[in-house]
Amino acid sequence: MATSTYTVTGMTCGHCVASVQKEIGKIDGVTGVDVDLASGRVQVESAAPLTPADIVAAVDEAGYQVAS
C-alpha cells in the first residue's frame, strides 16, 4: 500500500472535488482518493507506488492543475 499527497489548484466546489476523485480513481491500482476542497490537498492511496505523471494527467483531464 502506498500513499501520496498532491496539491490541486482551481477547485471551487463539490463538483470539482468529484471530478478530480473520478479521474484519479480511474488509474490502475488506485484504492482511494481523499480530496480536501479548502486546502486543495489530494491524498491518493494505491496498491503500489504511482508515477506523479499519472496523477498530473488525471488531474489535467478533470480540468485542474497539480501545483508544482
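Data block above holds the structure.
Residues numbered from 1 in each chain as written. Predicted model: local features only at pLDDT ≥ 70, side-chain atom pairs only at ≥ 80, totals over all residues. Heavy atoms only, no water.

## As for the pairing of strand S3 (residues 41-46)
Test applied: Residue burial is assigned from relative accessible area. The probe radius is 1.4 Å, only protein chains are included, and a residue is buried under 20% of its type maximum, exposed over 50%, and partly exposed in between. Secondary structure is summarised from DSSP: a helix means a run of H or I of at least four residues, a strand means a run of E of at least two, and numbering begins at the N terminus for each. DSSP calls a pair of strands paired once it identifies at least 2 bridges connecting them.
Of the two faces of S3, the one lined by Val42, Val44 and Ser46 is fully buried and the one lined by Arg41, Gln43 and Glu45 carries no buried residue. Sheet topology places strand S1 (residues 2-9) next to S3; 6 bridges connect them, and they run antiparallel. Among the inter-strand pairings, serine 4 is bridged to a residue of S3, identified as valine 44. The sheet contact formed by strand S2 (residues 30-36) and S3 spans 6 bridges and is antiparallel. Across the sheet, the residue bridging to valine 33 is valine 44, located in S3. Between S2 and S3, which pair antiparallel in sequence order, lie 4 residues; one of them, glycine 40, sits at a positive phi of approximately 80 degrees.

## A look at the nonpolar core
Counted only if it meets this: In this text, buried Ala, Val, Leu, Ile, Met, Phe, Trp, Tyr and Cys residues form a nonpolar core when linked through side-chain atoms within 4.5 Å. Contacts are residue-level and defined by heavy atoms, with any inter-residue pair within 4.5 Å sufficient.
Counting residues in each nonpolar core, the largest one holds 18 residues, and the members touching the most others are Val20, Ile24, Val44, Ile55 and Tyr64. Sorting the residues of this core by element identifies S1, helix H1 (14-25), S2, S3 and helix H2 (52-62) as the ones contributing at least two each. Not counting residues up to four positions away in its chain, the partners in contact with isoleucine 24 are Val30, Val33, Val42, Val44, Ile55, Ala58 and Val59.

## Some points on H2
Using the following cut-off: In this description, one arc is meant: the one made by directions from the helix axis to the C-beta atoms.
All of the buried residues along H2 are Ile55, Ala58, Val59 and Ala62. All buried residues of H2 lie within an arc of 95 degrees about the axis, which places them on one face of the element. Counted as exposed and oriented over 90 degrees from the buried face of H2: Ala53, Asp60 and Glu61. After H2 finishes, the residue glycine 63 shows a positive phi value of roughly 100 degrees.

## Observations regarding the pairing of S1
As defined by bridge partners, S1 adjoins strand S4 (residues 65-66) across 2 bridges and the pair is classed as antiparallel. Residue valine 8 lies in a different strand from S4, and its bridge partner there is valine 66.

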